[in-house]
Amino acid sequence: MLVVIASDKFKGSLTGAQVASAVETGLGRKIPGLRTRVVPVADGGEGTLSAALETGFIARDLAVAGPTGEPVQGSIGLREGTAVVELATASGLDLLPGGTKDPLGATSFGTGELIAAALDAGAREIVLGVGGSACTDGGAGMIQALGARLLDASGAELPRGGGALADLASVDLGGLDPRIAGSAVVLAADVDNPLTGPNGAAAVFGPQKGASPQDVELLDAGLANFARVLGLALDPERVAAQAVAPGAGAAGGVGFAALAVLGATRRRGIDVVLELTGLERALEGADAVITGEGSLDSQSLEGKTPIGVAELAARHSVPVFAICGRTLLGADELKAAGFVHVVSLQELEPDVRRSMDNAEALVIQAAERIAPMLLGAADPSDLNTVVS
């Protein structure tokens, strides 16, 4: 028997690699000699770079500007002319000094520096994984790092951060790195939000980054102004269309600048990562797949890791099991998503704090529960056992 293990991280508890190790331990206790094949996965956001590095990409580290300008240690992954750039490693919420949020001043400048480093290394295909950003600057900082100049009415350089975009009067793209035009950029994003409006970057994601209602209004107006002024420097109709395109609002609007300035093609993050890590090849000859993430919920159904894994496995007629920290989905939803059986750690340990603190041991227990089903000792088609 061969079982493929393809789990995302349990945020705040375990990395994807740690989840996979715990699953292997639990299965091994019940099925001695079981063959397993671990495939690192992520949804295009945090963890994408780690997944790429575990499958043969080579890391290159460099100092870049963090979300509030302080230097941080960034990293990119390189393999055969392709670079993986993960926004969260340069402009992520987890990098804020002291955890203090800066909704108006946080910038994506460091992400642009990572892209420049990828170009310096000879990459001509860049996979830009977005998610977990600290900024709502529309990607303005990213293109500033790549040579664009954002100017106010007096001709002075605009300060970094989304809060300054309301004062933007002109965009000079004359100094934009010319290598971008000869590169293919893939925007790996799992959200469909437009740049502005009630479903836009500021309104939906701004509060998570510390934005007050007044900040959200200011940021949204700034993003709208950024799109308008950038359109004057490029093509007003094309840029206006890109501002409402699915994924434009990803990572505080970084998706918009990637589409409009870098010429990116937007794809669902999980699909990009599964291609990079070779899950489809790994499914050959597999008897089952075990996937998972911290929370299986309505957002998961929009294209998070377990759903992407389940969709791919279904095309190869491989049954899929899942282990998660918690699930907010009903049995019918889980079955429709393609899961034979789901074990939630919250069922094993209802206290959230204890569950997170003991996640590794609980994942081992969850895998032990799944093991008999792999052997046919339980009937996984029984809907009453979809969630245990």
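Residues numbered from 1 in each chain as written. Predicted model: local features only at pLDDT ≥ 70, side-chain atom pairs only at ≥ 80, totals over all residues. Heavy atoms only, no water.

Within the secondary structure, E46 is located in the loop between β2 (35–38) and α2 (48–53). A polar atom in the side chain of E46 sits 3.3 Å from the side chain of K11. Residue contacts for E46: discarding those within four places in its chain leaves K9, K11, E86, A88, D94, G131 and G132. (Helix = DSSP H or I, 4+ residues; strand = E, 2+ residues; numbered from the N terminus. Polar contact = N/O pair within 3.5 Å; in protein donor to acceptor, adjacent residues only side chain to side chain. Contact = heavy atoms within 4.5 Å.)

Next up on the list: the confidence of the model for the chain. Averaged over all residues, the pLDDT of the chain equals 93, while 97% of them reach at least 70. Note that residues 377–388 has pLDDT below 50 and, in this model, 24 contacts with residues that lie over four places away or in other chains. (pLDDT = per-residue confidence, 0-100.)

Another point: the packing of helix α7 (residues 213–233) against helix α8 (residues 236–243). Close contact between α7 and α8 brings their axes to 7 Å; oriented N to C, the two are set at 150 degrees. The hand of the α7/α8 crossing is right-handed. Residue-level contacts link A227, L230 and G231 of α7 to P236, V239 and A243 of α8. Per-class residue counts for the contact of α7 with α8 are five nonpolar, one polar and no charged. (Axes fitted to C-alpha atoms, helices over the stretch in contact; angles between N-to-C directions. Left-handed = near helix turned anticlockwise from the far one by under 90°. Nonpolar A, V, L, I, M, F, W, Y, C, P; charged D, E, K, R; others polar.)

In the structure shown here, the tally under the stated rule is one aromatic pair. Where F226 meets F256, the ring centres are 5.8 Å apart and the plane angle is 80 degrees; that geometry is what we call edge-to-face. Within this pair, whereas F226 is found in helix α7, its partner F256 is found in helix α9 (residues 250–260), the two being separated by 30 residues in sequence. On the basis of relative accessible area, F226 is assigned to the buried category, the value being 0%. (Phe/Tyr/Trp six-rings, centres within 6.5 Å; stacked < 30°, edge-to-face > 60°. Buried < 20%, exposed > 50% of the residue type's maximum accessible area, 1.4 Å probe, protein only.)

On to the packing of helix α1 (residues 16–30) against helix α16 (residues 359–374). Orientation of α1 relative to α16, taken along the N-to-C sense of each, is 45 degrees, at an axis distance of 7 Å. On the basis of their axis angle, the class for α1 and α16 is oblique. Classified by chirality, the crossing of α16 by α1 is right-handed. For the pair α1 and α16, contact is made by V19, A22, V23, T25, G26, L27, R29 and K30 and by E360, V363, I364, A367, E368, A371 and L374, respectively. Grouping the amino acids of the contact of α1 with α16 by side-chain chemistry returns nine nonpolar, two polar and four charged. (Parallel < 35°, antiparallel > 145°, perpendicular 65-115°, else oblique.)

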